[in-house]
Amino acid sequence: MLPLIALLIVGGMYLAVNARRAQAGRQVLVLQKKQAELERMNADLTAMLAELTSPEQMLERALSLGYRPAKPGEVEYILVEGYPGPPVFVAPRPPASSSMGEGTLSPAYTETLGEWLLRWLSWGGGGGQ
Amino acid sequence: MIDQGPSRHRIRLVLLFIAILVLAMVVQLIRVQFGPYAPAFAAIELVIAEQVEKVEPARGLIYDRDGRLLASNIPMYYLEVEVRQLTDSSKKQIAAVLSRVLVLPFEDLSAQLLHKWVDEGQFRIRLTRLISGGKRWPIVVDQIVADVLKGFLADPEAPDLSGLALVPAPKRTYPAGWLAGHVIGFVNQKGKGYFGIEGYYDDWLVGRSITVELGYIPLEARLKPDPPAGVNLVLTIDIDIQHMVESILEQAIEDTKSESGQVIVMDPRNGEILAMASWPPLDPNNYQPWLPREERLNEEVEESEEELVINPAVAGQFEPGSTFKILTMAAALDAGVVTPDEEFIDTGMIEVGGNIIRNWDGGAWGPQTMLGCIEHSLNVCLAYVASEKLGTPLFYEYLKAFGVGQLTGIDLAGEVSGQLRTPRHPDWTESDLGTNSFGQGVSLTPIQLLTAVGAVANGGMMVQPHMVRTVVGPEGEYWPKTTILGRPISAETAETLSLMLSESLGGETHFAHVDEYTLVGKTGTAQIPTEYGYDPRWTVASFVGWGPLEDPRFSVLVRLDKPESSPWGSVVAAPVFRQIVERLVVMMEIPPDQIREKWTGGGEDG
């Protein structure tokens, strides 16, 4: 009777862990899809912003507000000692590529109960995630 | 004793339920394996079994020097149909909705949806539209239309679009529109970069696609690895200066009724291109007419007679005419064979290699100094300097040092080298020496001329023009260093010639004058060679100049092709230079001479 109960407990645990694992995996897939969607939306908005601040649009808005380009004789120059000038623009870095190894999820989301048990035993009973 | 009757009954019921469940599973398995949808399941199984997907990285972004976005990626969507999910109503409704939203023929869409694709073994199709010449091209929709269609798909009250799927793909977009279009180039629908920066840096921008295992099964979900991304580029271009230059050029083209034109603004100290404008403009968002003939979709365009020149500032050769005299005089001064005050008696004609050379006005200008020769742009005098003073070997040695007939190596796709016939060339004759001295019989691109003349502005040091200021990759930034192409003349020669050109500019044309700034420049009016000799009607009017004299911060080249209002560079191109410089000194925050002198003399403010 005892082995049967133990088997049932282990089976139950196995099912529970696998169910959670499947749920987490499903969540990962959903989040990946959402991330891709947000990235696309971000790119679209960035391009829209760039279009709205293009020289053509800015000049049009400035003229409509009553501004006009300054002529050389209308500009006053002041020498400010130590002023380094406007900061130099540095473009954002593109995302670093991650290899398959770097890109995998934490084992907590993917490993089976058996794998967890093996890992647990190989570490002498500690260090589980 | 316990009555086991009801328990047995319950057990039988449970067993029956399990048996029905198992039977249903068996039936479903048989249906999956051999039923009408077996091929579909087989296809899914195959995909899952292969579990691979090609992941393309986002193409690198392009910015101007101040961080304004010039090229980015936006999502576009292909319209695909899962034909097995189509219903009778969705076939009609998809065609109706798409024909109204996208203004496409209903019949064409309907025919695609009613076609028996399954009989041909196709279960997923990409909807296409008909373009001219009977060709078909995938239908592509933007984010706004995609949002509308997604809304329909999610709303049970909306038209039935069952089976329709929106498949995202990146599209290159250029937020500044036609601004700097020739410089940037474009990317076609397949992601290949053409011309300009997009063409030159295509390999760097595109990154590297990778093949990854797919994670359709939740139990096997894993993070998708990112492929090595393309680099982001920061250009030397200032988009505000570019806009100003393009606006002035467009107005000049209209005023002078010129056929085309180019303007380049460069920092002569380091070769950074601040603006490069060409007319007619290229809109990279509508690049079809500029594609190579074999890749164009529209057959009407394909049959057009003339091939458009992309970025003529680096690919359009021309005989420079009098602006070339700067190089001849630089060579003569540097070689020490003439001085600015040396006298020359202009008789109005000179024979070089059997060819009679006359001045632009056919007149004789009598006693002239070298300064006068430049000021009055005397062909006879420059031909004398080249043939009698410099001599053939030295003259061509200097032209070679100035890079005439060679690529500058600018980082733009499509640069051409120009043409210079040297004495080694089988067709070269001595008369070429005379005509070359005043810019005839030799062809350059605008960028070549500005690079060569830039050596005079930069104390004799010739620097390579370049377009990219910073390359930003995932690992860090790379700042290309200024490349010195050579020192064709000494610093002393450069200074002497700059003073001569500044002094002569006032006498040559008053149209290039800008109050409170000392500028340097030379006009050019060149005839256009044809296969029957020089065209008697048209000219190329040009101006090349820089400033301020004491501390050059910019050099500008203006070229107008076939102006109708006047053929002369001094009349049509010099005013364009002035208009540009008047705005340039404000935008680049260059104070007038007097203020700069005060500051360098220790003054506190202006």
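Everything below is about the structure printed above this text.
(A) Representation of the packing of helix H14 (residues 379–390) of chain B against helix H16 (residues 430–437) of chain B within the structure. Residue and element names in this part refer to chain B. Two elements in contact, H14 and H16, have axes separated by 7 Å at closest approach and are oriented at 135 degrees. Between H14 and H16, the interaxial angle falls into the category oblique. Handedness of the crossing formed by H14 with H16: right-handed. Between H14, through Leu382, Ala383, Val385, Ala386 and Ser387, and H16, the contact on the second element is made entirely by Leu433, Gly434 and Ser437. For the contact of H14 with H16, the per-class residue count stands at five nonpolar, three polar and no charged.

(B) Fine view of the interface of chain A and chain B. Opposite the 41 residues of chain A that make contact, chain B presents 58 residues. At the level of secondary structure, the elements contributing two or more residues to the side of chain A that touches chain B comprise helix H1 (2–52), helix H2 (55–64) and helix H3 (100–103) of chain A. Top contributing element to the side of chain A that touches chain B by residue count: H1(A), with 14 residues. In the side of chain A that touches chain B, the residues fall into 23 nonpolar, ten polar and eight charged.

(C) Representation of the packing of helix H12 (residues 325–335) of chain B against H14(B) in the model. All names here are of chain B. Interaxial distance between H12 and H14 falls to 10 Å at its minimum, and their mutual angle equals 35 degrees. Relative to H14, H12 is oriented so that their crossing is left-handed. Contacts between H12 and H14 pair Lys325, Thr328, Ala331, Ala332 and Ala335 from the former with Leu382, Val385, Ala386, Lys389 and Leu390 from the latter. Along the lines of polarity and charge, the residues of the contact of H12 with H14 split into seven nonpolar, one polar and two charged.

(D) Region of interest: the environment of Val385(B). All names here are of chain B. Within the fold, Val385 resides in helix H14. The spatial distance from the C-alpha of Val385 to the C-alpha of Ala541 is 24 Å, given a sequence separation of 156 residues. Look past the residues within four positions of Val385 in its chain and what remains in contact with it is Thr328, Ala332, Val338, Leu390 and Ser437.

Cut-offs applied
Residues numbered from 1 in each chain as written. Chains lettered and ligands numbered in written order. Predicted model: local features only at pLDDT ≥ 70, side-chain atom pairs only at ≥ 80, totals over all residues. Axes fitted to C-alpha atoms, helices over the stretch in contact; angles between N-to-C directions. Helix = DSSP H or I, 4+ residues; strand = E, 2+ residues; numbered from the N terminus. Parallel < 35°, antiparallel > 145°, perpendicular 65-115°, else oblique. Left-handed = near helix turned anticlockwise from the far one by under 90°. Contact = placed C-beta atoms within 7 Å. Nonpolar A, V, L, I, M, F, W, Y, C, P; charged D, E, K, R; others polar.

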